[in-house]
Amino acid sequence: MDSFLRRTSLIVGLLLAPAMAKAEWFQFSGTAMTTPIQMEFWGDSETEAKRISQRVFDEFDRIDAQMSRYRERSELSAVNREAAEHPVVVSGGLFRVFEKAQEVSELSDGAFDISFGSVGYLYDFREKKQPTAEEVEQHLPKINYRDIELNKAERSVSFRKAGLLTDMGGIAKGYSVDRGIAILKSEGIRHARLSAGGDMYLLGDKRGRPWVVGVRDPRQAAKNAVVLPVSDVAISTSGDYERFFIDEEGNRVHHILSPKSGRPVEGIQSVTIIGNDTLTTDGLSTAVFVLGVEKGLAMINKLDGIDAIIIDSDRKLHYSRGLLDPQDASAPE
Ligand code: ADP
Ligand code: MG
């Protein structure tokens, strides 16, 4: 992850109701975790809005400094270095993310697995670098979430296998969005949209009407495949277009890896999950991507309050039961 954020804060104040105090919509954008961060909220004044947005940006930086595997001094790097030798006590935030990661691993039967990093480290999407078959074979046995042991009483993490490496890239952004929303709420904000790349939370509505969120066409950045009117929900999208390169053989080498093969997963172009908190939707979007359409939908259909929209590699759309009309939903599978 390259160095510190370069941030441009952009404020667009739209004066919508001049008669009512000075409340207006404020928009800010920046970069953290090498990801675009965008927020929009209804606030009382520009000075206050700037201060509040800065608190949110600072929180993203704090979490990145804690959970980035690219930063040698992060808590996560210390875990990766030491947890095979002795239990490493971590902060409440990182422990929470470890717990959720393990929960999503159990739910998805290991399709989501933060120890994918044991092989994931050998990829460099910017440098168009991927591991050889021998390298994958050598490191693949280190991928197994069951070798990550969490001790809740001590708040510690230990690994049962030397060389196991964890990576929170599939779940930490969702956590950050939830934390950012908690800050906005604590500041009295009731209408907000906060996103970090493909992870987003919509707080309240857009004052009298729903927020409108587009699920982008995975092969045409400017086009939406689906548009959703929503409020008070978390939405995460995982796609094969975020970090990828095309290798010499014409294969699309992207960033979501199968823990079984150590290679990018085929079959799906994007997965969007809708739920109550972004930590969960982030983990699940990556999990469904790895599971594929059939197993992915079966997992989501068993979970209360969670829905999915999948775009497969033939660009066909698939919806979980909660998004289908009741007639379709009751049809046998
Ligand atoms: P995005 O980063 O585009 O928001 P995701 O939430 O799907 O998309 O996260 C993708 C990231 O998840 C990858 O960059 C990598 O860090 C991590 N990852 C890749 N494969 C797995 C996997 N099988 N289990 C858990 N995390 C994964
Ligand atoms: Mg994810």
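As shown above, the structure is provided for reference.
Residues numbered from 1 in each chain as written. Chains lettered and ligands numbered in written order. Predicted model: local features only at pLDDT ≥ 70, side-chain atom pairs only at ≥ 80, totals over all residues. Heavy atoms only, no water.

*Asks:* Hey, could you run me through the layout of surface pockets in this one?
*Replies:* Rolled over the atoms, a probe as big as a water molecule pinpoints where empty space is left. As a volume, the second largest pocket reaches approximately 430 Å³. Contributing to the lining of the second largest pocket are 21 residues, with S108, D109, G110, A111 and L291 lying nearest its centre. The set of elements that each furnish at least two residues to the lining of the second largest pocket consists of α7 (278-291) and α8 (293-301). The biggest single contributor to the lining of the second largest pocket is α8, with 3 residues. Of the residues in the lining of the second largest pocket, the class split is 11 nonpolar, 4 polar and 6 charged. (1 Å grid on protein atoms, 1.4 Å probe; cavity = no way out; pocket = protein on both sides within 12 Å on 5 of 7 lines; lining within 4 Å. Points joined across faces, edges and corners; volume = space filled by probe spheres on them. Helix = DSSP H or I, 4+ residues; strand = E, 2+ residues; numbered from the N terminus. Nonpolar A, V, L, I, M, F, W, Y, C, P; charged D, E, K, R; others polar.)

*Asks:* Is there a simple way to explain the packing of helix α6 (residues 172-186) against α7 in this structure?
*Replies:* The description of two packed helices rests on the angle between their axes and on the distance between the axes. Two numbers describe how α6 lies on α7: the axes approach to 7 Å, and their chain directions differ by 165°. Judged by the inter-axis angle, α6 sits roughly antiparallel to α7. Where α6 crosses over α7, the two elements pack in a sense that is right-handed. Taking contact as the criterion, the partners of A172, K173, G174, Y175, V177 and D178 in α6 are, on α7, T278, L279 and D282. In the contact of α6 with α7, the residues fall into 4 nonpolar, 2 polar and 3 charged. (Axes fitted to C-alpha atoms, helices over the stretch in contact; angles between N-to-C directions. Parallel < 35°, antiparallel > 145°, perpendicular 65-115°, else oblique. Left-handed = near helix turned anticlockwise from the far one by under 90°. Contact = heavy atoms within 4.5 Å.)

*Asks:* Help me understand the coordination of the magnesium ion (ligand 2), please; the structure alone is not making it clear to me.
*Replies:* Geometry sets the ideal angles at a metal, namely 109.5 degrees for four tetrahedral donors and 90 or 180 degrees for six octahedral donors. Every protein donor of the magnesium ion (ligand 2) is accounted for by G170 (O), D282 (O), D282 (OD) and T286 (OG1), and the metal-donor separations fall at 2.0 to 2.6 Å. Mapping the donors of the magnesium ion (ligand 2) onto the primary sequence gives the spacing G-x111-D-x3-T. Placement of the pair is D282 and T286 together in helix α7, with a separation of 4 residues, close to one helical turn. Overall, the relative accessible area of 4% leaves D282 in the buried class. (Donors = N, O, S within 2.8 Å, 3.2 Å for Na, K, Ca; no water. Buried < 20%, exposed > 50% of the residue type's maximum accessible area, 1.4 Å probe, protein only.)

*Asks:* Even after reading the chapter, I still don't get the site of ligand 1, so can you show me in this structure?
*Replies:* As a matter of local geometry, ligand 1 sits amid 18 residues, with S238, H255, L257, D282 and T286 nearest to it. Between a nitrogen atom of ligand 1 and a main-chain N or O atom of A111, the distance comes to 3.1 Å. At a separation of 2.8 Å, a nitrogen atom of ligand 1 approaches a polar backbone atom of L257. With the chains in place, 95% of the 560 Å² that ligand 1 exposes on its own is no longer accessible. No other element matches α7, which puts 3 residues into the shell around ligand 1. For the shell around ligand 1, the per-class residue count stands at 7 nonpolar, 5 polar and 6 charged. (Near = heavy atom within 4 Å. Polar contact = N/O pair within 3.5 Å; in protein donor to acceptor, adjacent residues only side chain to side chain. Areas by Shrake-Rupley, 256 points an atom, 1.4 Å probe, with all protein chains shown as cover.)

*Asks:* Help me out: how do you make sense of the pattern of salt bridges in this one?
*Replies:* Any two side chains of opposite charge can pair, so long as their charged atoms come close to each other. Scanning all chains against the criterion turns up 18 salt bridges. With a shortest N-O distance of 2.8 Å, R69 and D167 are connected by a salt bridge. With R69 in the loop between α1 (46-67) and α2 (75-82) and D167 in the loop between β5 (156-159) and α6, the pair connects residues that are 98 residues apart, well separated along the chain. By relative accessible area, which is 16% here, R69 ends up buried. Of the residues examined, D167 reaches a relative accessible area of 9% and is grouped as buried. Within the structure, one salt-bridge network assembled from shared partners comprises E48, R51, R55 and E187. (Salt bridge = Lys/Arg side-chain N within 4 Å of Asp/Glu carboxyl O.)

*Asks:* Would you mind showing me how to read the pairing of strand β14 (residues 307-312) here?
*Replies:* Each regular strand shows side chains that alternate between the opposite faces of the sheet. When you tally the buried positions in β14, you get 6 out of 6 residues, the bulk of the element. Residues of β14 alternate between two faces, with D307, I309 and I311 on one and A308, I310 and D312 on the opposite face, all of them buried. One ladder, built from 6 bridges, connects strand β13 (residues 268-275) with β14; its direction is antiparallel. In the sheet register, I273 faces β14, and the bridge partner there is A308. The sheet contact formed by β14 and strand β15 (residues 317-319) spans 3 bridges and is antiparallel. If you follow I309 over to β15, its bridge partner there is Y319. A loop of 4 residues connects β14 with β15, the two strands running antiparallel in sequence, and R315 in this loop sits at a positive phi of about 65°. (Pairing = 2+ DSSP bridges.)

So yeah, pure geometry; function would need other evidence.
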